[in-house]
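Read off the chains here:
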Amino acid sequence: MTILKSQVIEALRKITSPGEGGNLIDTGVVKNIVIFGDEVVVDVTISNPTLQAKKKIEVEIMKAIHAEVHEKAKVKVNITVEAAPTVEKNEIKGKPIEGIRNIIAVASGKGGVGKSTITANLAIALRKMGFKVGLLDADIYGPSIPMMFDVQEQRPVSVDIEGRSKMEPVENYGVKILSIGFFTHPDQAVIWRGPMASKALNQMIFDAHWGELDFLLIDLPPGTGDIHLSIMQALPITGAIVVSTPQNVALADARKGIAMFRQETINVPVLGLVENMAYFTPAELPENKYYIFGKEGVKSLAERTDTPLLGEIPLVQSLRESGDVGRPAALQEGTPLAKAFEELARNTVAEVVTRNQYLAPTEAIKITTMAGCSPKKK
């Protein structure tokens, strides 16, 4: 078997460089090619630190060499992640919460896709892995976390911390929880304008005694509005998770959610996507899968936006029932649902580790423009 370097170069010219638009050779992504008999070693440097991006380029290089050069070539791809150069942005350093290592925002462009269910079960799965976890229910107008954790009747208590009065979060299943639902009657509608909602959120964030946490999950309301900006102005978010169902109507809004976090003035890393209600599996036919809302829609969106797919959660009756009775399905042991949430938690932790290794800490945003508004003439 004779493999020429020129053959390998031509094969790699057919692969589009991630985020560059050109091919791997002309954009300089490929740094070196070494050939030892039937072994081909390719050194590449990319700027995207996600596990999915690294795996994708490795697979594409191997496929190209096997298809264009020799099908039995032994291909080894060495990937180096090079952080993109720092660009001056309209950002200010956020105000971190002492003792909290990672803050993850869980969002959805559309309501009704099961975002709160995903957040609650992810919190439990992380807790089962041994992490210290907190959960802030930032869905001011539709708080559901207290019900999902069976703590509707509980209330945070005041504790004295170094001479200051702070709220002690409610705790159940080892997860610390704060929600506006603790301060309103179940039948009471929260009719607040944006500034009031933002003030309430700031109190729950900064006037609470969270203690030591590995992860603080923030269950955001649907959409891309006031609450989202308030959270990102107040806190240096480690990263965001976007939840969607596979149907096109939900995917269209999920794309907007991804775009919001990736805006230059917001600049919050998207850790990945979660496909909820990926398929329906009836209890009496556990091997059957029915794609009620479409098949692999979120997986396709993840590939198009170069975003990791963190997990696919099936539509199972027991998932709804467990949320209604306040005992999240992730508490189960050995069930398909529990395994799905365990995989989601593992992938989330892996992406957080990678993000923290290669990217600088996120900064809280400073809104300096009002889209659609004209500047005042002097």
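Refer to the structure presented above.
Every chain's residues receive numbers from 1 upward, in the order its sequence appears when written. With pLDDT at 70 or above as the cut-off, local features in this predicted model cover only qualifying residues; side-chain atom pairs require 80 or more to be listed or tallied, and sums for whole chains, interfaces and linings still use all residues. The side-chain quantities take in all heavy atoms of the structure and omit both hydrogens and water.

Visitor: So what exactly am I meant to see when it comes to the environment of Gly-22 here?
Guide: The residue Gly-22 is located in the loop between helix H1 (5–12) and strand E1 (30–36) in this model. Setting aside residues up to four positions removed in sequence, Gly-22 forms contacts with Ile-15, Thr-16, Ser-17 and Thr-27. Where helices and strands are cited, they refer to DSSP runs of H or I of at least four residues and of E of at least two residues respectively, numbered from the N terminus. We call two residues contacting when some pair of their heavy atoms lies within 4.5 Å.

Visitor: How should the pattern of salt bridges be read in this particular structure?
Guide: Side chains that carry opposite charge are capable of pairing whenever their charged atoms lie near each other. In what follows, salt bridge is the name for a side-chain nitrogen of Lys or Arg lying within 4 Å of a carboxyl oxygen of Asp or Glu. With the rule as written, the count across this model stands at 12 salt bridges. For the salt bridge of Arg-101 with Asp-214, the shortest nitrogen-to-oxygen distance reads 3.2 Å. Here Arg-101, found in strand E5 (residues 100–107), pairs with Asp-214, found in strand E11 (residues 213–219); they are 113 residues apart in sequence, far enough to count as distant. Between buried and exposed lies partly exposed: a residue is buried under 20% and exposed over 50% of the maximum accessible area for its type, with that area taken using a 1.4 Å probe on protein chains only. Of the residues examined, Arg-101 reaches a relative accessible area of 51% and is grouped as exposed. With relative accessibility at 16%, the residue Asp-214 sits in the buried group. Close ionic contact of Lys-256 with Asp-253 constitutes a salt bridge, the shortest N to O distance being 3.5 Å. Pair noted here: Lys-256 and Asp-253 are both in helix H7 (residues 248–262), with a separation of three residues, about one helical turn. Judged by relative accessible area, Lys-256 falls into the exposed class, the value being 54%. Where salt bridges share partners, they join Glu-10, Arg-13 and Asp-26 into one cluster.

Visitor: Where do I start with the sheet that holds strand E13 (residues 270–280) in this structure?
Guide: Strand-to-strand pairing in sheets goes through backbone hydrogen bonds, with the strands running parallel or antiparallel. When DSSP finds at least two bridges between two strands, those strands are taken to pair. Taken together, eight strands build an open sheet; the order of strands is E9-E10-E6-E11-E5-E12-E13-E14 and the sheet is mixed. On the outer flanks of this sheet lie strand E9 (170–172) and strand E14 (309–315), each paired with one strand and no other. Along the sheet, successive strands turn relative to each other by an average axial angle of 25°, direction set aside. Relative to E14, E13 runs parallel, the two being bridged by five bridges. What counts as an axis is a line fitted to C-alpha atoms, over the stretch in contact for a helix, and the angles between N-to-C directions run from 0 to 180 degrees.

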